[in-house]
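Fold and geometry: a report
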Amino acid sequence: MASRPLKGSNLTTVRGINERLILHLLRVHQRLTKAEATRITGLSANAVSVLFRSLESDGLLLRDEPIRGRIGQPSVPMRLNPDALHYVGMKIGRRSFDLVVVNFTGQVKAVISRQHAYPTPATTLQFINEHLDAVVQEAGLARDDISAFNIATPFELWSWTSDFGAPREEMALWKSFDLAGEISRAVPWPVTISNDGTAACRAELVFGPPVDVQDLAYFFIGSFIGGGIVLNGSVFPGRRGNAGGVGPLRIPDESGGDRLVDHASLVVLERLLAQRDTDLAQSIYTETEHWEQFESELTIWVNRAGRSLGHAIVSALAILEFETVVIDGAFPPAVRQRLVSAIEQQLDRLDLQGVNRPELRAGHFGALARAIGAAAYQISTDYMIDQNTLLRETPAKVPLASAPSP
């Protein structure tokens, strides 16, 4: 299916949308001259010139070296200014916390991560209090340089406690904990909460290599499995912010459970490794590069997860005609590629009548995808075009305790 080009309007009343359009296209194309932007958007040459000058004046754009050797005056490409804005992103995970500082083009300027057995409201606030200033300073910034603090977390953290060995009583404290409110009192910036799978999907869309597709399904394998959906070229969070929460998808012919989360989750690999060595099992959450020590159990898990993900993808394709499926997770790139290959092999075996086989791609951000995607929230909402909500009323804020996400 050919992508539908984004078009602008020459009406001055929608100038804000046109500014977003220019910034959106520069994020996709990386560099554009005024002539190229005029051709792509359908705006007048004068309108594009005004927009470029305004965005440059605001510090959002930089001039590149002029392109010479053509007829007429040299063209001057424009690009996004990486240092225009900076954001803090945090992932609250079932096995770890991540804090990142990310600039306007997605470069990670600093990271602090800590493993835990399970998260509680108290340990979350303690982690922020102990490490927030340090991660900002490590990025070479001051608090005034930060524009927002955004959090990615599984919704209903109190659910599935038995699946990862957390005490039900302590995790139940999340039910009444006002996460956004408590953090807003501790930091001077706007605070937002996103589902962790949706956030990881946003990282891929906003900061990953450009993809010329409009509809995409995204699977992220962490302690449990979640995901996100891209429709019409924009992340679609759903009514309650949990679209793409794929864990409950039903999987046939696998012992150990009939849900995707029962097979394509790192807690499954953790249990396999714990039969050999409990300390080794926990190291899958801290070892980011070398998983050779897990090899025998890893092979079993990759094959099992690949079979289950193949079934899940076919189910997803029966609902929406995704052009591409992206697979990412909290494991090294080599494991990600092995998992993609295992899924391809499973799709070779399955009956695909009635669905179109999508292109399968590996994601690009691994374990940090959720925190990076949290940091990208303001960029996608304030500086990009969302064709799912364009010219509509802004949707209501999504509460933290809205819907379960494995």
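The structure under discussion appears in the preceding block.
Residues numbered from 1 in each chain as written. Predicted model: local features only at pLDDT ≥ 70, side-chain atom pairs only at ≥ 80, totals over all residues. Heavy atoms only, no water.

Owing to its 3.6 residues per turn, the α-helix aligns residues three or four sequence positions apart on the same side. Burial in helix α2 (residues 34-41) covers these residues: Ala37, Thr38 and Thr41. Looking straight down α2, one finds that the buried residues subtend no more than 100 degrees of arc, so they occupy a single side. Among the exposed residues of α2, those oriented more than 90 degrees off its buried face are Ala35 and Arg39. The positive-phi residue at the C-terminal boundary of α2 is glycine 42, with phi of around 80 degrees. (Buried < 20%, exposed > 50% of the residue type's maximum accessible area, 1.4 Å probe, protein only. Helix = DSSP H or I, 4+ residues; strand = E, 2+ residues; numbered from the N terminus. Arc of directions from axis to C-beta.)

Looking now at the pattern of salt bridges. According to the stated counting rule, one finds 17 salt bridges in the structure shown. Arginine 276 is paired through a salt bridge with glutamate 297; the nearest N and O atoms lie 2.8 Å apart. Taken together, the positions of arginine 276 in the loop between α8 (266-274) and α9 (278-282) and glutamate 297 in helix α10 (residues 295-319) put the pair 21 residues apart, joining distant regions of the chain. The exposure class of arginine 276 is partly exposed, given its relative accessible area of 44%. (Salt bridge = Lys/Arg side-chain N within 4 Å of Asp/Glu carboxyl O.)

Here the focus is the packing of α2 against helix α3 (residues 45-57). The interhelical angle for the contact between α2 and α3, taken along N-to-C directions, is 120 degrees, at an axis separation of 9 Å. It follows that α2 is oblique to α3 by the angle criterion. For α2 against α3, the interelement crossing comes out right-handed. The segment α2 lies against α3, with Lys34, Ala37, Thr38 and Thr41 engaging Ala45, Val48, Ser49 and Phe52. Classifying every residue of the contact of α2 with α3 gives four nonpolar, three polar and one charged. (Axes fitted to C-alpha atoms, helices over the stretch in contact; angles between N-to-C directions. Parallel < 35°, antiparallel > 145°, perpendicular 65-115°, else oblique. Left-handed = near helix turned anticlockwise from the far one by under 90°. Contact = heavy atoms within 4.5 Å. Nonpolar A, V, L, I, M, F, W, Y, C, P; charged D, E, K, R; others polar.)

It is worth spelling out the packing of aromatic side chains at this point. Applying the stated criterion across every chain, the model contains eight aromatic pairs. Seen from their ring centres, tryptophan 174 and phenylalanine 177 are 5.6 Å apart, and the 85 degrees between their planes marks the pair as edge-to-face. Comparing tryptophan 174 with phenylalanine 177, the two get one shared label, buried. Taking the centre distance of 6.1 Å and the plane angle of 65 degrees together, the rings of tryptophan 301 and phenylalanine 331 count as edge-to-face. Separated by 30 residues along the polypeptide, tryptophan 301 in helix α10 and phenylalanine 331 in the loop between β11 (324-329) and α11 (333-349) bring together distant segments of the chain. For the pair shown, tryptophan 301 and phenylalanine 331 are each scored as buried. Among the aromatic residues, ring-to-ring pairing joins Trp291, Phe294, Trp301 and Phe331 into one connected group. The ring of phenylalanine 104 is capped by arginine 27, whose NZ or CZ atom sits 4.8 Å from the centre of that ring. (Phe/Tyr/Trp six-rings, centres within 6.5 Å; stacked < 30°, edge-to-face > 60°. Lys NZ or Arg CZ within 6 Å of the ring centre and 35° of its normal.)

By secondary structure assignment, the location of serine 57 is in helix α3. Of the residues examined, serine 57 reaches a relative accessible area of 63% and is grouped as exposed. For the pair serine 57 and threonine 120, spaced 63 residues apart in sequence, the C-alpha to C-alpha distance is 44 Å.

With that out of the way, let us pick up the sheet that holds strand β10 (residues 234-235). Taking strand neighbours across the sheet as the criterion, the five strands line up as β10-β9-β8-β11-β12 in an open arrangement whose pairing is mixed. Edge strands, defined here as strands with exactly one partner in the open sheet, are β10 and β12 (359-362). Here strand β8 (residues 216-221) pairs with β11 via six bridges, running parallel. If you follow leucine 216 over to β11, its bridge partner there is threonine 324. Those strands touched by α10 are β8, β9 (225-231), β11 and β12, and its axis lies near 150 degrees from that of β8. (Pairing = 2+ DSSP bridges.)

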